[in-house]
Structures are given as structure tokens and as C-alpha cells.
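Overview (structure and organization)
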Amino acid sequence: MIKKINLVAAFAALSVFLTACGANKTTANTETTQTTSSLNSDTFTYAIDGDPTSTNPITSSDRWGLTYVNMIYSPLVRVNGDGTYENVLADSVSVSEDGLTVTVKLKENLKWSDGESLDADDVVFTYNTKAKKENGNFSNLWINDNQIEFEKVDDLTVNFKLPSVSAAAINNVATLTYIMPEHVYSTVADFSVNELEISPVGSGPYKLKEYKRGEYIAFEANENYYDGIANIKNVIFRIINNADTRKLALQTGEVDASFVLPSEIADLDSSKINTYAYSENRVGYLGLNTATEALKDVKVRQAILYALNKVEMNTAAYISEEYYQLPYSILPPNNAFYTSDVEKYEQNIEKAKELLAEANVSGLTLNLAFNASDTAQTLQATLIQQQLSQIGITVELAGGEGSAIFAELRKEGSTFYNMFLGGYIMGNDPDQYKALFTTGARANYFQYKNDVTDKLFEDGAVELDETKRKEIYNNLQNELSKQAFIYPIVDNKKVLAVNNRIENIDAAGLIPIYTMKDMSKLKIK
């Protein structure tokens, strides 16, 4: 049975790549955890396709890292799948008449998982930590070259003082950060790393019990959770890289839940497994590394895009338009600022050949990086190889581990990969996309540099008039499309398959990135 949940808006200003990284074993305690426990009455087991890239609440931006963070920590305000705002640690949020101060009042009697009180000092500490440029995830807490200031008013009140009026900051400042306890994390010297050498303490629905990289992450209920102790005591994320193995574990009841592709639904026993399709407003894309010698010429990049056929790719991966939409700009189609009035690069083989001839390029060989454990990306990569062969471009497939690929792409000036497949979920406000597309931005894997589009991002962030703001972002989308360094392929729905012994999926709330906003609301029959 397929249950469709319409989630119209995107969620969280963070780019998301399905990645994994290798490291030493990390544990919260030495107790051995049972991992094949779907049949247990107190355990929900969720199969994921890789380790978190980062478990640090300051730096985490990958899907499983953020899912991990969302289990242990809480934000002030959450953005729901439909774009509405929901207070979490915040009791209220207000904006001053001059638009320069956002005031957040906390709920009373909040506690950390270690029993200590949560107050305004923790909020100010967290935001000050995140705002430091050396920690690497500061951009949403700065307006142009000026940092937002964070001021404790009293134990339950914090003022966010904006250096200038910014629509983006007003919309996002209370929603993008998971709060950390100052009494635990004040001793941490370096927050730029992917993993903090400290046992996590948070205010979320669960606590970390044990983490063995490449095997599982085990959580147990946080008895101090502000919204009541979890219905299911234990949650286990089983790390299973291979898609076929994940599906088999789901079919045999070894795990309770896993993402599947639409093409896999028919293989599942509908009397035992329910499937839930929902939109994440995600853009899956082909990226072109503009720092590589072969792709510096915009005509070569445009030729590549004209040779591609995204409909063919999406039909192969997602079966029908019931499970995907076609994006043509950097924004997903459901975004309020989206425009399709851009160069769409609909397949035109002759035009592609003409552009290569104008660039005096022939016999080009390019490599293409993709996550080999991602079935959809594997299909896309194979079809891209075939489609580009029609204009005489040879594509060498470089399938690998997602985290390793993007670790390489993050290196300044890296030319190791010509092209790469990825995806992002950035949020409702187009300003959040600057992390991908401005010069020197932390997730600008394309190594794209352009003063014109940088200025459009700056102008759009501070413009309060909605009509003028849309015009700015229309111009931005057009200019980025002309530069042909990104080929938006798909806004695909996620399909979560869940053993029917698990109830309350709606109450747990399917949302972009994190799968569910609060797994503590799940129940076992």
C-alpha cells in the first residue's frame, strides 16, 4: 500500500549528499548492542546506506549526519515539510518593527539529557560557536561581512541583533541550528571537525547508546525529552551499504524500515510492508568542475548539457512522473521563487556538436564520479556515458564512496573529477543556496566563480519587497543556467518502506533530510 504525503516546501538550509566515511569505532559506552532486533517489542531498526559524514551539530550537512543530530539535539524552531514553522525549544519568536531584532523566548523547564537545565546561555554559546568562520558553517549567521549578534536578555530570552535588515536572516536565524549545552561543549577546542571527541549530550528524543562505524548506531530514549519519553525505547540505524542487502533485510524483517526506489515497490509484500512516498524538494544533479582544464570553456559545458536527456534518466530510475518532477533551475519546482524561464538544455545533439566545434574541441575524455551504492546514481551515470558518446565524448565511470568523492571535491582547486553526481535539499529561502553557488562557498563543489551572481545573492538576501526579490532570483537562476556548470536532473520523491508492525508514521512526521521529525512518536503494534 502506498501512502502519499504532500510535502510542498523544502527543509533546512543544508546541502545533503548521501555519503559515508570511514573512521575508528566510536561508542557512547561499552555495552554490546543487539542489532538484528526488528522483532523486539522495544526496538525500531532503520536501515541506512552509510555512516554519517559528520556527527558534529555545528558542521553536519549530510543526510545521515543530520538524521543523527536530529535524534540527539533540538533546534529552536523546526520547518515542517509543508513550509510551516513549529516551535521546538522556542516558546515564541518575534521580530521588532525595524526588522533588526529577532527575539526568541524559550519554553520553561527544559533539560539536557544529563538532567541539567537548558537556558539562554546555551543558545548564545551555540550560536557564537557556529558563527565563528574557522568552524566552517557560519554563512547563515552573517549578513554580507557582518555577524549577527546574540544577546542573552534573561534565562529564557535571547535577542538576535541583525547588523542590517535581511529577509533571509529573519526567516531562518531561529531554524538552522541545533542547540548544544555550554557546560559540556565549552571545553571543545575545535568545532571544524566532523566528529567531536566528547560523549554527546542533547535535548532531543534520544541519547546515543553505541556507535560502531560501518555496522550500526544505537540510541536509547531520553527521559528528559521536553515532549515526553519516547514510545519506543530503542532505535537502531543499521548501516547497510548494498541496496539489494537492504531490501532483503526489509523483506525478512531484519530491519523495520528503509528507503527504496519506486521500481522496488513491486518486490515488497504489501501485506507486511507499507510504503510512503513524499517530496523532499530535492534537486539531484550532474555537476561540472569548472576548475578542470577540459571544462573551463562555457561552450564545452553547454555542449555537454545539450547532449543529455533527463527524462530518459528519470524513467529508468523512478519509473513514472508519479515519483518525480523535472527541475530546470537550481531551485526545486515547488519553491516559491522557482522559474522555468531559463535555458532548459533540452536534448539537441546537433547543437551540442556545433558548440564543441566552435570551441575547437574533439576526442574529449572526462571522468564521472558517483556514489556506487546509490542505485539511481548508478543508472544515471550509465546513461550519461551513453548519451555523451553521441557527441564524441568518452566518459570514464568513477563509482566510489560518496564521502570520499565529496571530500576530494571540497579541496580548493581540485581537478581530480571532471563531473560528479550529487543532490541537495537547501530550504525554502533561495538565500540558503548561496552555500553552493557563491565564490568560495563551503559547498561550491563546482568551483564556480562569478561576481555577477554573487552580487545577485547579496541583493536578494536583503530585499524585503517580495516582488522585487522574485525578480532578483529570476535573474540569478537565468545567469546560473547560462553558465552551464550544473545540470538539474530530478526532484524525486523519497519512498520509505516500513514494516506494518510500526505505527504512527504520520505523528512522527515524514520530512526532508531527517526522514522523520520525531521518531519518538512511532509505536510498535
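For the structure itself, look to the data block above.
Throughout what follows, the structure given in this document is the object of discussion.

**Some details on the nonpolar core**
Soluble globular proteins tend to bury their nonpolar side chains together. Grouped together as the largest cluster of nonpolar side chains are 76 residues, with contacts concentrated most on F44, Y46, L76, F160, F219 and M519. For F44, the contacting residues outside a window of four places in its chain are I232, N234, V235, I236, D256, A257, I502, M516, M519 and L522. Ranked by size, the runner-up nonpolar core spans 52 residues in total, among them Y306, A307, M313 and L364.

**Considerations on helix α5 (residues 243–252)**
Of the residues making up α5, those classed as buried are A243, R246, K247, A249 and L250. Here the buried residues of α5 occupy an arc of 160° about the axis, which is enough to place them on one side. Looking at α5, the residues exposed on the side facing more than 90 degrees away from the buried face are D244 and T252. At its buried positions, α5 is contacted by β2 (43–48), β14 (257–260), β15 (273–279), α9 (375–389) and β21 (486–499). The N-cap of α5, judged by a side-chain oxygen 2.9 Å from the amide nitrogen of D244 a few residues on, is N242.

**Re the layout of surface pockets**
Rolled over the atoms, a probe as big as a water molecule pinpoints where empty space is left. A volume near 1,100 Å³ is recorded for the largest pocket. What lines the largest pocket is a set of 42 residues, among which F138, S139, A435, A441 and R442 lie closest to the centre. Of all the secondary-structure elements, those providing two or more residues to the lining of the largest pocket are β7 (142–143), α3 (167–172), α11 (434–437) and α12 (451–462). Looking at the lining of the largest pocket, the element that brings in the most residues is α12, giving five residues.

**Some details on the packing of aromatic side chains**
Taken as a whole and assessed by the stated rule, the structure comprises 32 aromatic pairs. Taken together, a centroid distance of 5.8 Å and an interplanar angle of 80° make the contact between Y46 and W64 edge-to-face. In this pair, Y46 is assigned in strand β2 and W64 in helix α1 (residues 63–72), connecting sequence segments 18 residues apart. Residue Y46 shares its accessibility class with W64, and that shared class is buried. With a centroid separation of 6.3 Å and an interplanar angle of 35°, the aromatic rings of W64 and F259 are classed as tilted.

**Digging into the pairing of strand β5 (residues 90–95)**
In this structure, β5 lies alongside strand β6 (residues 101–106), joined through five bridges in antiparallel fashion. Residue pairing across strands places S94 opposite T103, the latter belonging to β6. Linking two consecutive strands that pair antiparallel, namely β5 and β6, is a turn of five residues; a positive phi of about 75° is found at G99 within it.

**Re the environment of N159**
With respect to the helices and strands, the residue N159 is situated in strand β10 (residues 157–161). For N159, a relative accessible area of 12% puts it in the buried group. When the C-alpha atoms of N159 and F420 are compared, they prove to be 42 Å apart, with 261 residues separating the residues in sequence. Residues within four places of N159 in sequence aside, it is in contact with T101, V102, T103, E149, F150, E151 and V153.

Thresholds applied
Residues numbered from 1 in each chain as written. Predicted model: local features only at pLDDT ≥ 70, side-chain atom pairs only at ≥ 80, totals over all residues. Heavy atoms only, no water. Core = buried A, V, L, I, M, F, W, Y, C linked by side-chain atoms within 4.5 Å. Buried < 20%, exposed > 50% of the residue type's maximum accessible area, 1.4 Å probe, protein only. Contact = heavy atoms within 4.5 Å. Helix = DSSP H or I, 4+ residues; strand = E, 2+ residues; numbered from the N terminus. Arc of directions from axis to C-beta. Polar contact = N/O pair within 3.5 Å; in protein donor to acceptor, adjacent residues only side chain to side chain. 1 Å grid on protein atoms, 1.4 Å probe; cavity = no way out; pocket = protein on both sides within 12 Å on 5 of 7 lines; lining within 4 Å. Points joined across faces, edges and corners; volume = space filled by probe spheres on them. Phe/Tyr/Trp six-rings, centres within 6.5 Å; stacked < 30°, edge-to-face > 60°. Pairing = 2+ DSSP bridges.

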